[in-house]
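# Chains, contacts and geometry: an overview
Below are the chains, spelled out letter by letter.
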Amino acid sequence: MQLSTLLHPQSIAIIGASTQEGSVGWSLAKNIIEQFRGESYPVNPKATELFGKPCFPSVLSLEGNIDLAIIAVPAVLVSTVLKECGEKHIPAAVIISAGFKETGASGKALEDEVVRIATEYSITLLGPNCLGFLAPHEQLNASFAKSLPLAGPIAFFSQSGALLTALLDMSDGTLGYRACVSTGNKAQIKENDLLKFFALDDETRVISFYSEDLSDAKEIIETGRSLLKRVSPKPVIALKSGKTAAGTAASSSHTGALAGSDAAYAALFKQAGIIRVDGLETLTEALEVFSKNPLPLGKRVALLTNAGGLGVMATDACIEHGLELAALMPETLEALQSFLPAAANSHNPVDVLGDARADRYERALMTLLADWNVDMLVVIITPQAMTEALKTAEAIASAHEKFPDTPIVVSLSGGEALMTAREFLVRHQVAVLHSPESSARSLGQLSSVARLRENTDTTPFDFTDIHIEEAKSILNRSREQGRLQLSEENCIAFLSAYGFRFLSNRVVSSREEALAAAQTFNKTVALKIISPEITHKSDMGGVLLNIDPDQADFAYDTLLATVAERAPTAKLEGALVVEMAHPGGREFILGLKKEPGLGTLVMIGFGGIFVEVFKDVSFRFAEVLTREDAQMMLRELRSYPLIEGARGQAGLDQLTLIDAIGRLARIAIDFPEIVELDINPLLAFQNGSDFRTLDARIRIM
């Protein structure tokens, strides 16, 4: 894939360049011809000249080598034009044209043909149905966006062209971009291709993207982790829409792609170390802070303000977003007290009072930045009568230059009175936001990247007691029997092959067999119905507990009669007699869930019959699961205090829980034909040897 040629071309053919003012083809030609430093060739068989350049009837009539073709012709003509590009040996193409898979089956067929041609001629393809791209450093606007943004260190790509133009307009004059790429339908070039490309680009400091659907979680996670491990890490910020069912449906209809669940994307971003933001405004704030600051050494923040109320608000916001107020060193406090008015607060947050002029701000700034306990700084300025906004901005810019390793965010909490200061700080590459809350949130996100970087260990699971061939034969036998939903007996055998431990059990098909089995165990037992048509046994009265072994025959009769009454059409094949578990265990649910185009999620949560009530669960992708991932899954649970041990109760064996998560992930990798797998409950204890799996469901393709 020749992304470098596509994004840094020396010559461009504009196919579909139009003489109709205001049209897409006209805008493309104008943007490229009037600004691009390389050679450009408008292609239009019905025109002779455009913007002072001669027009050519087709790409085949061009002389010399062409690096990039920009295609803006009706969708039905795109495959013909792209084939001509292939015959001309053009290595890269951007298809602006819409009318492909986003329109339905016929459009999908057109897009498939375009991909086939691109593959045949080894053409690197961006789009279709996209805005194009912008490369400010090279004065290249290969899009129909209005104008080029400032050049800078941000690489941004977006599935939505309109969102890209909205971002550029919102950040006009404040944010600088290395490249802005509209991916459109992503027929060939996808997010991970661009992540990998900009990871290797020395001029890119921050990578960000907007997406409605992603594919191949494993690749994205591996790329994200590699970015964090670099000597100079590159943070990645994602804006992902479709959090609700309605949003997901709208996303699918917009792009013609099937989007996965939001839980899947949340897991993906956590595993990849990607920062997720919730909206366009939050995205611009994060880009402002990330592109103009280094990563902090820790999460201790100092607040400097001339408004006590905003200092309190900033304090709350910092704590809410995972930061800590820096405990100022004694010498810092002494220095502050030496020049601040008696009414000022020299402790963090430092309040220099509403009458503070630039010199008071400057001395406080330099004092705080020299404190070893301060990892980052928020400066809040409100417009009072005595406020010297511009001079204070000059002092901040000077401090930012003298302490380049300490992130600084300035909260200019005002409007017109602070505009000159804002413009000065923007010119001097100091991060400026409107509110203390947004400043705290963005610094919290920046700090979280630093913490992720500190925890980049990826310890794989390594099991020596797995019997994969035995498990494979169980699935094959079930499939041969025409049972895609495994019987309970086969579920037990399959999971046992992967090291899950069960209580002593026996399948019975008569009251006499039930009695004999229970008396063999010689302890209280449970009886569970066996039926291929009943998933939730307890809902149908299909589970009887604490049965005296000498009463197991009567219990068998009761079990079958109860289930037959509640599910009269269900086929009843007998029962499973199981010894009762030790009391005192905690119930957990584990499971696997396929996500369209992404991979398989592994889940753990608070289990038992209330799992759908409390919904206390955590997810990660199985294909790249590490021991560290599994540990974080446990810590994310609201019930984690119960795992650690609360109110005098003993904690649970976390290593065995982590081990169980890893074993489930290994199953997902070894057997992709498993559509669904639930273990509910897994009974967990203080000692790992006491863990037992009580119930499980497995469905295969």
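Please refer to the structure placed before this passage.
First things first, this report covers the structure right here in the doc. (Residues numbered from 1 in each chain as written. Predicted model: local features only at pLDDT ≥ 70, side-chain atom pairs only at ≥ 80, totals over all residues. Heavy atoms only, no water.)

### Structural notes on the packing of helix 12 (residues 330–339) against helix 13 (residues 358–369)
Condition: For helices, the fitted line uses only the C-alpha atoms of the stretch in contact; every axis is such a line through C-alpha atoms, and the angle between N-to-C directions lies from 0 to 180 degrees. Put simply, DSSP marks the helices as runs of H or I at least four residues long and the strands as runs of E at least two long, and each gets a number from the N terminus on. The labels follow the angle: roughly parallel below 35 degrees, roughly antiparallel above 145, roughly perpendicular from 65 to 115, and oblique for the rest. We call two residues in contact whenever any of their non-hydrogen atoms come within 4.5 Å of each other. Amino acid classes used here: Ala, Val, Leu, Ile, Met, Phe, Trp, Tyr, Cys and Pro are nonpolar; Asp, Glu, Lys and Arg are charged; the rest, including Gly, are polar.
Here helix 12 crosses helix 13 at 170 degrees, and the two axes come no closer than 10 Å. Taken together, the axes of helix 12 and helix 13 lie roughly antiparallel to each other. Note on element contacts: helix 13 touches helix 12 through Arg-360, Arg-363, Ala-364, Thr-367 and Leu-368, opposite Thr-332, Ala-335, Leu-336, Ser-338 and Phe-339. Of the residues assigned to the contact of helix 12 with helix 13, the class counts are 5 nonpolar, 3 polar and 2 charged.

### Describing helix 24 (residues 654–670)
Applied cut-off: In this analysis, the expected span of each helix is defined as 1.5 Å times one less than the number of residues it contains. Throughout this description, buried means an accessible area under 20% of the type-specific maximum (1.4 Å probe, protein chains only), exposed means over 50%, and partly exposed covers the range between. The term polar contact refers here to a pair of N or O atoms within 3.5 Å; inside protein, the definition further demands a hydrogen-donor-capable atom paired with an acceptor-capable atom, and it admits residues adjacent in sequence only when both atoms are side-chain atoms.
For helix 24, with 17 residues, the first-to-last C-alpha span of 24 Å sits near the 24 Å given by 1.5 Å per residue. Counting buried residues along helix 24, 13 of its 17 residues qualify, which places the element largely inside the surrounding structure. Measuring from the side-chain oxygen of the N-cap residue of helix 24 to the backbone nitrogen of Leu-655 gives 3.1 Å; that N-cap residue is Asp-653.

### Some points on the packing of aromatic side chains
Any pair of aromatic rings gets described here by the distance separating the centres and the angle formed by the planes. Just so we agree on the cut-off: Aromatic pairing here means that ring centres of Phe, Tyr or Trp (its six-membered ring) are within 6.5 Å. Orientation follows from the plane angle: under 30 degrees is stacked, over 60 is edge-to-face, and everything else is tilted. Counting as a charge over the ring demands two things of the Lys NZ or Arg CZ atom: a distance within 6 Å of the ring centre and an angle within 35 degrees of the ring normal.
Going through the model one piece at a time under the given rule, you end up with 10 aromatic pairs. Taking 5.8 Å as the distance between ring centres and 15 degrees as the angle between the ring planes, the aromatic pair formed by Phe-461 and Phe-463 counts as stacked. Its guanidinium or amino end placed over the ring of Tyr-265, Lys-240 lies 4.3 Å from that ring's centre, counting from NZ or CZ. Here Arg-511 stacks its cationic end above the ring of Phe-554, 5.3 Å away from the centre of that ring.

### Examining the nonpolar core
For clarity, the cut-off: For this analysis, a nonpolar core means a set of buried residues of the types Ala, Val, Leu, Ile, Met, Phe, Trp, Tyr and Cys, connected via side-chain atoms within 4.5 Å.
The biggest cluster of nonpolar side chains holds 59 residues, and the ones touching the most others in it are Phe-133, Phe-198 and Phe-621. Judged by nonpolar contacts, the second largest core, of 51 residues, contains Leu-495, Ile-661, Leu-664 and Leu-677.

### A word on the environment of Leu-168
Counting through the fold element by element, Leu-168 comes out in helix 5 (residues 161–170). It is 11 Å that separates the C-alpha atoms of Leu-168 and Leu-134, two residues lying 34 residues apart in sequence. Sequence-distant contacts of Leu-168, defined by excluding residues within four places in its chain, comprise Leu-134, Pro-149, Tyr-177 and Cys-180.

### A closer look at the side chain of Ser-211
One can find Ser-211 in strand 12 (residues 206–211). Classification of Ser-211 as buried rests on a relative accessible area of 0%. For Ser-211, the side chain forms a polar contact with the side chain of Gln-159, separated by 3.2 Å. One polar contact links Ser-211 to Glu-191, side chain to side chain, over a distance of 3.0 Å.

### Points about the side chain of Arg-422
Selection rule: In summary, the charge assignment counts Lys and Arg as positive and Asp and Glu as negative, without counting His or the chain termini. One speaks of a salt bridge when a side-chain nitrogen belonging to Lys or Arg is within 4 Å of a carboxyl oxygen belonging to Asp or Glu.
Looking at where Arg-422 falls in the secondary structure, it is placed in helix 15 (residues 419–427). We note that Arg-422 is buried and unpaired, the nearest opposite charge coming from Glu-288 at a distance of 7.2 Å. Within the local environment of Arg-422, its side chain forms a polar contact with the side chain of His-434, the two groups lying 3.2 Å apart. With residues near it in sequence (within four places) discarded, Arg-422 still touches Leu-412, Gly-414, Val-432, Leu-433 and His-434.

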